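# An overview of the molecular structure
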Amino acid sequence: MATAKYYGTGRRKHSVARVYLVPGTGKITINKRDIDEYLGLETLKVVVRQPLVATDTIDKYDVLVNVHGVQDFNKKWQYILPVLVNVLP
């Protein structure tokens, strides 16, 4: 089991995405809600999980995300993904 914690921040204009990777079981939480509850489209969920699947860390880390300042609900993944890719060990 991994013991390191990772953190990354992404900003654009007035929007901010903060991503925390902590040792866990692979649960993804966005703004204190489960990814299945937060992102409606299955395609968006797959896109957010892709970096974890590619690095084989999907079951090693929990991902905690705080996103604010993004007006379009379905564009939030565009702020999460680059930060997640850069944070992965």
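Residues numbered from 1 in each chain as written. Predicted model: local features only at pLDDT ≥ 70, side-chain atom pairs only at ≥ 80, totals over all residues. Heavy atoms only, no water.

A few words on the environment of G26. Looking at where G26 falls in the secondary structure, it is placed in the loop between β2 (15-23) and β3 (28-30). A sequence separation of 36 residues divides G26 from D62, and the C-alpha atoms of the two residues are 4.6 Å apart. Beyond its immediate sequence surroundings of up to four residues, G26 is in contact with I58, D59, Y61 and D62. (Helix = DSSP H or I, 4+ residues; strand = E, 2+ residues; numbered from the N terminus. Contact = heavy atoms within 4.5 Å.)

Attention now goes to the nonpolar core. I30, L39, V63 and V65 are the most contacted members of the largest nonpolar core, which has 18 residues in total. When contributions to this core are tallied by element, the ones reaching two or more residues are β2, β3, α1 (35-38), α2 (42-54), β5 (61-68) and α3 (76-87). If one sorts the elements of this core by residue count, β5 sits on top with four residues. The contacts of V65, once residues within four sequence positions are left out, are R18, V19, T29, I30, N31 and I80. (Core = buried A, V, L, I, M, F, W, Y, C linked by side-chain atoms within 4.5 Å. Buried < 20%, exposed > 50% of the residue type's maximum accessible area, 1.4 Å probe, protein only.)

Each regular strand carries side chains that alternate between the two faces of the sheet. Relative to β2, strand β1 (residues 6-12) is paired through seven bridges, and the arrangement is antiparallel. Along β2, the bridge assignment pairs T9 with R18. Count of turn residues in the β1/β2 antiparallel hairpin: two residues, of which K13 carries a positive phi of about 50 degrees. (Pairing = 2+ DSSP bridges.)

None of the figures reported here should be taken as evidence of function without further support.
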